[in-house]
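Each chain, written out:
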Amino acid sequence: MLKSISSKLITLFICVTSLVFLITSIMFLYLFSSYAYNEKEELLVNSASSIADFAADQLKATDGDDFSFDLRYFADSVLDASVWICDGNGFFRTDLGSSGPQTADQLTDEEYVIIMNAMSTGDVKVTEEFSDTFGEDFLSACAPILISVEELNTLNSAAEEDGGIGEVSSDILDNEGPFSQRITVDGKEYITKGLVIIH
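Everything quoted here is computed from the prediction, not taken from an experiment. Each chain carries its own residue numbering, running from 1 in the direction its sequence is written. Per-residue local features are limited, in this predicted model, to residues with pLDDT of at least 70; the limit for side-chain atom pairs, both in listing and counting, is 80 or more; totals at the level of whole chains, interfaces and linings are taken over all residues. Values shown for side chains rest on all heavy atoms present in the structure; no hydrogens or waters enter the calculation.

## What to know about the overall build of the chain
Here is step 1 of the chain: Helix and strand assignments follow DSSP, with helices taken as H or I runs no shorter than four residues and strands as E runs no shorter than two, numbered in order from the N terminus. Check the secondary structure of the chain and you find five helices and six strands.
Here is step 2 of the chain: When the elements of the chain are put in sequence order from the N terminus, they spell out α-α-β-β-α-β-α-β-α-β-β.
Here is step 3 of the chain: Per-residue burial for the chain yields a buried fraction of 36% across its 199 residues.
Here is step 4 of the chain: Throughout, a contact is declared for two residues whenever any of their heavy atoms are within 4.5 Å. Across the chain, the fraction of contacts at a sequence separation of at least 24, relative to all contacts at a separation of at least 6, is 59%.
Here is step 5 of the chain: Element-wise, carbon and sulfur atoms account for 55% of the exposed surface of the chain, whose accessible area totals about 11,800 Å². Accessibility here uses a 1.4 Å probe with only protein chains present; expressed as a share of the type maximum, an area under 20% marks a residue as buried, one over 50% as exposed, and anything in between as partly exposed. Each accessible area value is a Shrake-Rupley result obtained with a 1.4 Å probe; residue values ignore everything except the protein chains displayed when judging cover.

This is the structure we're talking about:
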């Protein structure tokens, strides 16, 4: 009888210990995956914002002609990242040879809504919606390329005083194209000239 009670207690102890271990493991996995997700999201948002700012400066320097910088530099600076830029007319470009859309017409309705939401608010949007389009089942960040109308006017006023040196063409403020629009963020006027997608 004592042997029977003892074996039952040992079995109960083993079951309880296994259950506690299982619950602890599940909680650890959940917390770790949540932490990893948040870290990746923050990295993507910061990287997409930085590239979008750089692209805006590049557009001002070239009077809005093109994005003539090497995207591989940015992709290499973010671990396992791919970078696409969509210009104001809805054409994508990447220097990575990766598959992806060539024009905005190839996006799904859901992807288009996310992009237009980012463009109209000036915010960076994080989504998993681009997984099928870009061939990876993970997060993507969409950051609009914003050019401050006030800053551009200030630059051109200063350039006028210097005899036109450094003047930025006002053509850059044209909001023709699906991804070019005038928006107001925190009381300041901007024009979007496309967006950066990074994942």
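So that's the structure; there's more coming.
## Observations regarding unusual backbone geometry
Residues other than glycine predominantly adopt negative phi, and peptide bonds predominantly adopt the trans conformation.
Here is step 1 of the chain: Positive phi outside glycine occurs at Asp-186, with the angle close to 50°.
Here is step 2 of the chain: Along the chain, Asp-186 turns up in the loop between β5 (180–185) and β6 (188–198).
Here is step 3 of the chain: Relative accessible area serves as the criterion here: at 78%, Asp-186 is assigned to the exposed category.

## Brief notes about helix α3 (residues 109–121)
Here is step 1 of the chain: Under the convention used throughout, the expected extent of a helix is 1.5 Å for every residue step, that is, one less than its residue count. Helix length check: α3 (13 residues) gives 18 Å between terminal C-alpha atoms against 18 Å at 1.5 Å per residue, within 8%.
Here is step 2 of the chain: For α3, the full list of buried residues reads Glu-111, Ile-114, Ile-115, Ala-118 and Met-119. All buried residues of α3 lie within an arc of 135° about the axis, which places them on one face of the element. In α3, the exposed residues that point more than 90 degrees away from the buried face are Asp-109 and Val-113.
Here is step 3 of the chain: Trailing α3 by a residue or two, Gly-122 shows a phi angle of about 80°, which is positive. An arc is given here, and it is the one of the directions from the helix axis to the C-beta atoms.

## Details of the pattern of salt bridges
Here is step 1 of the chain: Whenever a carboxyl oxygen of Asp or Glu lies within 4 Å of a side-chain nitrogen of Lys or Arg, that contact is scored as a salt bridge. Evaluated as defined, the whole model comprises one salt bridge.
Here is step 2 of the chain: In this structure, Glu-189 engages Arg-182 in a salt bridge whose closest nitrogen and oxygen atoms are separated by 3.0 Å.
Here is step 3 of the chain: Taking relative accessible area as the criterion, Glu-189 reaches 36% and is therefore assigned partly exposed.

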